[in-house]
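Okay, here's what each chain looks like letter by letter:
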Amino acid sequence: MRDKNSPKAFSSPLIPAANVLISPNQMGRSPLTSIENTLKEEVVGQDQAITAIVQALVRAATGFRNKDKPIATLFFSGPSGVGKTEAARALTKAIHHNPKAWLKIDCSEFGEPHTVSRLIGSPPGYVGSDLPALLDKEEVEARKWNVVLFDEIEKAHHSLHNLLLQVMDEGTVTITRRRAQEEARVDFTSTIVILTSNVGSRAVSRLLEEQQIGFKNGGKEDMQQVDQQIFSAVRREMEKTFSPEFRNRISDFVVFQPLGEKNLFLVLEKILKQSYERFAEKGFAVNLTPKMKRFLVHEENNPEMGARPLLNRVERHIDGKIAELYALGEIKVGDYIVVDLDERGEVIFRRAERVSITVQTDFSTLGKGNKNPFEDPPLV
């Protein structure tokens with residue numbers, strides 16, 4: 001007897017039998033693979049979030065979206081310093097080859113009702129009526145797939161939330177202050193609207209403390225369970241902060257996960273690469289020992305703060321000290337400086353023999369064959 005659930009059971013003269021399973025592997029290369037690769041290069045430890053972003057953009061790129069609304073309305077939530085704003089910047093870079101080709105609205109500046117008028121302009125006769133609107137037609141409609149970022153949306157007054165209802169639902173907003181002969185309605189249907197929020201970060205921190213994971217490496221199933229708990233915790237906090245009509249207009253809700261130790265080391269390497277490039281422009285090279293890198297990652301580490309404190313530590317312990325030594329003439333062109341910790345846990349700088357370097361020099365080869373830099377007395 002034929003199984004009634006088999007594909008042939010549903011065949012008819014009008015509807016052919018569907019026997020071939022389609023999977024992403026059989027679909028071939030995604031039309032947005034290059035964007036996905038750029039996001040993964042720029043944003044560390046957020047592969048799930050990046051996949052959700054790309055899936056939303058694929059729907060838009062293939063035409064499976066409401067063309068009377070923005071291309072996508074993405075809500076990025078999660079702890080501070082895990083890459084939400086960086087993901088928006090990386091997406092802008094991937095699309096327009098320029099990380100600054102976006103319109104960024106810092107919502108912390110719009111905590112009072114009257115400040116929201118800066119977005120659409122003040123009526124004639126009111127204070128600020130001579131100033132252009134931030135959501136200016138030329139700014140919003142400047143390019144296709146324009147990224148409009150509302151950073152830390154939870155800090156804005158609910159009047160701004162109400163303004164966004166029109167943007168998310170109808171794809172337009174009416175501005176008060178505009179140029180002569182200019183259309184009053186600004187079109188958002190060719191934009192990607194991104195809202196970032198730290199809502200739920202404290203709930204995530206409490207959850208991590210309860211689970212006692214911190215830097216510990218749990219099994220794959222354990223981590224998936226924790227990821228789901230984090231997602232649920234953030235959603236609950238979001239429901240307390242934003243109205244139902246606001247939440248219902250968001251096309252994709254993306255939760256960014258806390259960064260573990262491995263990802264923090266990757267972020268550190270990205271930060272150090274930028275510092276190394278600045279040092280090379282001055283004609284010298286700097287390298288950190290593994291011991292020094294571990295110190296930067298673990299010093300006063302707080303999972304609730306994400307990777308942002310790493311930049312402060314590098315600026316305080318590395319960039320600031322190097323700048324001081326350079327200003328005093330202790331570091332000269334051709335120097336190769338090794339940064340390490342001594343027995344007392346204090347940061348020290350040692351110089352190897354001078355070598356010839358350029359901006360394009362591969363730092364990993366510098367100092368090889370020279371006297372051991374650890375045998376020299378420290379600069380400080």
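Residues numbered from 1 in each chain as written. Predicted model: local features only at pLDDT ≥ 70, side-chain atom pairs only at ≥ 80, totals over all residues. Heavy atoms only, no water.

Caption draft 1: A look at helix 11 (residues 261-281). Taking 1.5 Å per residue, 21 residues should reach 30 Å; helix 11 reaches 31 Å between its end C-alpha atoms and fits that length. For helix 11, every residue scored as buried is listed here: Asn263, Leu264, Val267, Leu268, Ile271, Leu272, Ser275, Tyr276, Phe279 and Ala280. In the core, the buried residues of helix 11 are packed alongside strand 8 (285-288), helix 12 (290-298) and helix 13 (308-327). Count one or two residues on from helix 11 and you reach Gly283, which has phi positive near 95 degrees. (Helix = DSSP H or I, 4+ residues; strand = E, 2+ residues; numbered from the N terminus. Expected span 1.5 Å × (residues − 1). Buried < 20%, exposed > 50% of the residue type's maximum accessible area, 1.4 Å probe, protein only. Contact = heavy atoms within 4.5 Å.)

Caption draft 2: Broad picture of the sheet that holds strand 2 (residues 102-106). Spatially, the five strands line up as an open sheet ordered 2-3-6-1-7, and their pairing is parallel. Of all the strands in the sheet, the pair left with one neighbour each is strand 2 and strand 7 (252-255). Strand-to-strand, the axes of this sheet are offset by a mean angle of 20 degrees, without reference to chain direction. Pairing between strand 1 (residues 72-77) and strand 6 (residues 191-197): six bridges, direction parallel. Residue Phe75 lies in a different strand from strand 6, and its bridge partner there is Leu195. (Pairing = 2+ DSSP bridges. Axes fitted to C-alpha atoms, helices over the stretch in contact; angles between N-to-C directions.)

Caption draft 3: Quick peek at helix 2 (residues 33-42). Looking at helix 2, one finds that the buried residues are Thr33, Ile35, Glu36, Thr38, Leu39 and Glu42. Those residues of helix 2 hidden inside the fold are in contact with helix 3 (47-61), helix 4 (84-96) and helix 11.

Caption draft 4: Seen up close, the nonpolar core. With 56 residues, the main nonpolar core has Leu91, Ile194, Val286, Leu288, Ile318 and Ile322 as its most contacted residues. Setting aside residues no more than four positions away along its own chain, Ile322 makes contact with Phe279, Phe284, Val286, Ile331, Ile337 and Phe349. Judged by nonpolar contacts, the second largest core, of 38 residues, contains Cys107, Leu135, Val193 and Leu207. (Core = buried A, V, L, I, M, F, W, Y, C linked by side-chain atoms within 4.5 Å.)

Caption draft 5: The arrangement of the layout of surface pockets in detail. Its volume calculated, the largest pocket comes out at about 1000 Å³. If you trace the largest pocket, you find 31 residues lining it, with Glu42, Glu86, Arg89, Val267 and Lys270 closest to the centre. Sorting the residues of the lining of the largest pocket by element identifies helix 4, strand 6, helix 11 and helix 13 as the ones contributing at least two each. Across the lining of the largest pocket, the residue classes break down as ten nonpolar, eight polar and 13 charged. (1 Å grid on protein atoms, 1.4 Å probe; cavity = no way out; pocket = protein on both sides within 12 Å on 5 of 7 lines; lining within 4 Å. Points joined across faces, edges and corners; volume = space filled by probe spheres on them. Nonpolar A, V, L, I, M, F, W, Y, C, P; charged D, E, K, R; others polar.)

Caption draft 6: Structural view of the packing of helix 12 against helix 13. Relative orientation of the contacting elements helix 12 and helix 13 amounts to 130 degrees, with a least axis distance of 9 Å. Taken as axis vectors, helix 12 and helix 13 run oblique relative to one another. At the point where helix 12 passes helix 13, the crossing takes the right-handed sense. On the side of helix 12, the interface is formed by Met292, Phe295, Leu296 and Val297, while helix 13 contributes Leu310, Arg313, Val314, His317 and Ile318. The residue inventory of the contact of helix 12 with helix 13, partitioned by class, reads seven nonpolar, one polar and one charged. (Parallel < 35°, antiparallel > 145°, perpendicular 65-115°, else oblique. Left-handed = near helix turned anticlockwise from the far one by under 90°.)

Caption draft 7: Spatial organisation of the packing of helix 2 against helix 4. Look at helix 2 against helix 4: their axes get within 9 Å of each other, and the N-to-C directions meet at 140 degrees. Taken as axis vectors, helix 2 and helix 4 run oblique relative to one another. Between helix 2 and helix 4 lies a crossing whose hand is right-handed. From helix 2, Ile35, Thr38, Leu39 and Glu42 reach across to helix 4, where they touch Glu86, Ala87, Ala90, Leu91, Lys93, Ala94 and Ile95. When grouped by side-chain class, the residues that make up the contact of helix 2 with helix 4 number seven nonpolar, one polar and three charged.

Caption draft 8: Layout of the confidence of the model for the chain. Scored by pLDDT, the chain comes out at a mean of 80, with 75% of its residues at no less than 70. When mean pLDDT is compared element by element in the chain, strand 3 (residues 146-151) scores highest at 94, while helix 1 (residues 24-27) scores lowest at 48. Per-residue pLDDT stays below 50 along residues 365-375; that stretch engages in 18 contacts with residues further than four places along the chain or on separate chains. (pLDDT = per-residue confidence, 0-100.)

Caption draft 9: Summary view of the pattern of salt bridges. By the definition in use, this model includes 17 salt bridges. Between Glu86 and Arg89 there is a salt bridge; the shortest N-O distance is 2.8 Å. You can see Glu86 and its partner Arg89 sitting in helix 4, three residues apart, about one turn around the helix. In this structure, Arg278 engages Asp319 in a salt bridge whose closest nitrogen and oxygen atoms are separated by 3.2 Å. Residue Arg278 is located in helix 11, and its partner Asp319 is located in helix 13; the two are separated by 41 residues in the primary sequence. The partly exposed category is assigned to Arg278, whose relative accessible area is 43%. Three or more residues joined by partner-sharing salt bridges are found here, namely Asp342, Arg344 and Glu346. (Salt bridge = Lys/Arg side-chain N within 4 Å of Asp/Glu carboxyl O.)

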